[in-house]
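Summary of structural features
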Amino acid sequence: MRILFLTHGFNSLTQRLYIELTTLGHQVSIEFDINDAVAEQAVALFKPELIIAPFLKRPIPESIWREHRCIIVHPGIKGDRGPSSIDWAIMTEQKSWGVTCLEAVEEMDAGDIWASVEFPMSCASKSSLYRNEVTEAAVEAVTLTLERIEQGEYQPEPLNYEDPTIKGQWNGLMSQELRSIDWRVDDSETVFKKIRAADSQPGVKETIAGREYYLYNAIVDNDEAKALSNQSNAQPGSIIATRDRAVCFATIDGAVWVTHLRLASATDGEFSFKLPATYLLGEQIQRAPESARVMDLPLAPADVPLHATWQEIRYRQEGEVGYLHFDFYNGAMDTQQCQRLQAAVAQAKEEKIKVLVLLGGAEYWSNGIHLNQIEAAQSPAEESWSNINAMNDLCLEIINTPKQMTFVAMQGNAGAGGVFMALSANKVLARHSTILNPHYKSMGNLYGSEYWTYLLPKRVGPDTAMTLMHNRLPISAQLGAEIGLIDECINASRDDFVQQVKIKAQQVAKSTELAQQIALKNLQREKDELGKPLAQYREEELTQMNLNFFGFDPSYHVARYHFVEKLPKARTPAYLANHRNITAATQLAEA
Ligand code: COA
Ligand code: THG
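Residues numbered from 1 in each chain as written. Chains lettered and ligands numbered in written order. Predicted model: local features only at pLDDT ≥ 70, side-chain atom pairs only at ≥ 80, totals over all residues. Heavy atoms only, no water.

**Focus: the sheet that holds strand 20 (residues 427-431)**
Pairing is mixed across the open sheet formed by six strands, whose spatial order is 14-15-16-18-20-23. Lying at the two open borders of the sheet, with one neighbouring strand each, are strand 14 (313-318) and strand 23 (488-490). Here the average twist between neighbouring strands, direction ignored, is 20 degrees. In the packing of helix 18 (residues 494-510) onto the sheet, the strands contacted are strand 14, strand 15 (321-326), strand 16 (355-360), strand 18 (405-410), strand 20 and strand 23, and the crossing angle to strand 18 comes to about 170 degrees. (Pairing = 2+ DSSP bridges. Helix = DSSP H or I, 4+ residues; strand = E, 2+ residues; numbered from the N terminus. Axes fitted to C-alpha atoms, helices over the stretch in contact; angles between N-to-C directions. Contact = heavy atoms within 4.5 Å.)

**Structural notes on the site of ligand 1**
Not every one of the 23 residues close to ligand 1 is listed here, only the nearest: Ser 12, Ser 200, Lys 274, Ile 369 and Lys 566. At a separation of 2.9 Å, an oxygen atom of ligand 1 approaches a polar side-chain atom of Ser 200. Coverage of ligand 1 by the protein amounts to 85% of the 860 Å² it exposes when considered alone. Secondary-structure elements contributing two or more residues to the shell around ligand 1 are helix 1 (12-23), helix 12 (371-376) and strand 19 (413-415). Residues of the shell around ligand 1, tallied by class, amount to eight nonpolar, 13 polar and two charged. (Near = heavy atom within 4 Å. Polar contact = N/O pair within 3.5 Å; in protein donor to acceptor, adjacent residues only side chain to side chain. Areas by Shrake-Rupley, 256 points an atom, 1.4 Å probe, with all protein chains shown as cover. Nonpolar A, V, L, I, M, F, W, Y, C, P; charged D, E, K, R; others polar.)

**So, the state of the cysteines**
Tallied over the entire structure, the rule returns zero disulfides. Of the cysteine sulfurs around Cys 338, a residue in no disulfide, the closest is that of Cys 395, at 8.4 Å. For Cys 338, a relative accessible area of 0% translates into the label buried. A relative accessible area of 0% places Cys 395 in the buried class. (Disulfide = S-S within 2.5 Å. Buried < 20%, exposed > 50% of the residue type's maximum accessible area, 1.4 Å probe, protein only.)

**Re helix 21 (residues 555-565)**
Within an α-helix, residues lying three or four positions from one another point in the same direction, as the helix has 3.6 residues per turn. Residues of helix 21 that are buried include every one of Tyr 556, Ala 559, Arg 560 and Val 564, and no others. Around the axis of helix 21, the buried residues are gathered within 125 degrees of arc, so they sit on the same side. Positive backbone phi, at 50 degrees, marks Lys 566, one or two positions downstream of helix 21. (Arc of directions from axis to C-beta.)

**Re the nonpolar core**
In terms of nonpolar packing, the biggest core is built from 89 residues, with Leu 261, Leu 358, Trp 365, Met 410, Met 421, Leu 456 and Leu 485 touching the most fellow members. When residues in this core are grouped by element, the largest group, eight residues, is from helix 13 (residues 380-399). When neighbours within four sequence positions are excluded, Met 421 is seen to be in contact with Phe 326, Met 333, Trp 365, Ser 366, Met 391, Leu 394, Cys 395, Ile 398 and Glu 450. Residues Leu 13, Phe 32, Cys 101 and Ala 141 belong to the second largest nonpolar core, which totals 43 residues. (Core = buried A, V, L, I, M, F, W, Y, C linked by side-chain atoms within 4.5 Å.)

**Section: empty space enclosed by the protein**
Overall, the coordinates contain four cavities of 30 Å³ or more when judged by the stated rule. Roughly 140 Å³ of volume is contained in the largest cavity. Every residue lining the largest cavity is counted, 15 residues in all, and those nearest its centre are Arg 131, Asn 132, Gly 412, Asn 413 and Ser 433. Among the secondary structure elements, those contributing two or more residues to the lining of the largest cavity are helix 1 and helix 5 (126-151). In terms of residue count, the dominant contributor to the lining of the largest cavity is helix 5 (three residues). When the residues that make up the lining of the largest cavity are grouped by side-chain class, the tally is two nonpolar, eight polar and five charged. (1 Å grid on protein atoms, 1.4 Å probe; cavity = no way out; pocket = protein on both sides within 12 Å on 5 of 7 lines; lining within 4 Å. Points joined across faces, edges and corners; volume = space filled by probe spheres on them.)

Here's what the structure looks like:
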């Protein structure tokens with residue numbers, strides 16, 4: 001079918017549906033929802049058989065939905081309507097939730113229902129639910145909808161609130177009043193729930209040292225900070241500790257970490273986007289009246305269970321396998337985080353292990369350099385340079401591992417430099433739902449580094465390497481494995497994935513062929529180095545990056561500013577809007 005995606009942006013759900021539908025053989029073109037006239041033009045150009053709105057905030061105009069069937073992918077159960085569905089589902093502690101495909105009509109989300117798929121709720125943030133459970137259910141619901149439409153006889157179900165099986169209802173935009181934390185009565189789990197329901201947008205508004213901020217990324221502490229909070233009798237809502245630039249709030253029954261903040265009303269010279277908490281608060285942490293004794297907590301010892309407290313980087317060893325977790329918010333890695341991770345890799349390599357497994361975070365593998373942190377720097381060009389060099393140092397640390405086999409296990413999505421950083425390892429595994437964006441160009445024509453000119457062609461060949469880089473399209477882990485970008489795509493739940501990775505790593509560690517495998521990879525590395533030294537790849541890449549950062553063409557700085565500030569899109573890029581591509585449009589006209 002010829003399907004037009006009308007969407008607010010090419011977010012993870014839209015990317016996943018794009019991948020699934022094109023894999024099924026559908027012809028998909030994308031138009032961002034700029035305004036009604038532009039949408040009407042896209043429809044006229046593409047002449048779609050079906051319009052799908054995977055992520056749309058505005059009404060589809062009547063001129064479009066009267067003439068074409070439009071399917072809204074709504075992140076809610078049957079009958080649920082409104083702009084804050086998942087927020088309400090978390091706040092009202094729903095045990096199960098769902099995704100519903102409904103036809104666009106005048107009244108928002110009230111059209112006939114084509115398919116609805118439910119899932120059990122997990123204790124995760126709104127954006128995590130969206131990227132995982134909602135996305136999986138949406139793939140199922142959209143596929144079912146397409147089957148039903150193609151089959152031709154299915155009658156969609158009109159929304160009827162009289163029907164007792166319809167459990168959903170209209171819920172308006174969730175207000176900050178409803179989200180706000182009452183530190184006198186809210187326990188840790190409630191604080192956690194409120195922040196989860198507003199993460200990644202809009203955040204929960206909170207006053208710290210006289211100024212309003214939005215809070216993001218909460219983690220309940222069951223260990224050190226909780227003990228600290230209990231001992232110190234700190235007033236609930238006061239900051240009692242910091243670690244890895246996160247702040248820890250005392251609650252009535254323990255403590256909750258918050259890693260990121262955003263200023264509610266930034267004035268000139270201040271930043272209005274998310275940044276690490278202590279970075280934004282600076283000295284105000286000490287100035288907050290109740291927080292005279294803010295402790296910078298040391299890193300938790302290796303025997304503390306993984307979920308007892310919070311820190312960004314954790315190393316754990318099981319037998320002769322070392323596991324390195326790094327949970328960087330949104331998968332973005334700034335200079336300092338790259339350096340700390342590199343040090344952790346270097347340290348792990350000194351342990352008595354035979355296999356080192358890099359697990360990234362539970363939500364993201366990595367999205368490369370930290371664009372927010374760069375935007376906030378005094379000199380974004382200089383900070384970009386430091387960040388990419390720190391990324392390269394990290395890659396080099398992984399590539400140069402002569403005594404162990406290295407594994408990367410991607411639990412979540414990866415983009416740009418994050419994908420290539422993964423290729424530094426000997427074996428790259430990914431969970432089936434992982435979306436890979438192995439390209440840089442969409443960030444203002446960035447050339448990219450992370451030794452991609454060495455790592456990518458080596459895996460996929462020069463032609464595919466160029467195609468991936470040029471097309472700027474997301475690919476599935478499955479396709480990634482088929483073209484050799486990664487070694488294996490594992491179809492498993494989140495927990496099963498980690499278990500399967502562990503089994504594989506233990507097998508390799510115990511294998512009688514391990515010594516030979518390590519000798520072989522070292523030999524290959526030596527050969528490659530003789531052919532062309534890594535330092536030369538790096539220098540060539542950085543020459544291009546230097547132009548991106550310090551040259552006359554400001555494209556990268558402009559694109560980064562737009563990305564970080566989340567400015568509304570002015571147009572759909574040509575690589576997504578196939579109907580606006582001249583060759584494609586001609587072919588269409590001739591067909
Ligand atoms: N630096 C800072 N923040 C980043 C980031 C980066 N490199 N990559 C992603 N993020 C943030 C987004 O701003 C967004 O923040 P929000 O949830 O607080 O609004 C969040 O991560 C999720 O990003 P989103 O685009 O919604 O995720 P997605 O899964 O839908 O899309 C990508 C994934 C990779 C397409 C997209 O995040 C992207 O283009 N990232 C930029 C990659 C890049 O150019 N890196 C630098 C070059 S090395
Ligand atoms: N029919 C038509 N167009 C649609 C939908 C539809 N466009 C997408 C839409 N469904 C997705 N659902 C909603 C439901 C409610 C709201 C937005 C999208 C909503 N918005 C507030 C408003 O417009 O004032 C603002 C919300 C905000 O700021 O986020 O209530 O079924 N034709």
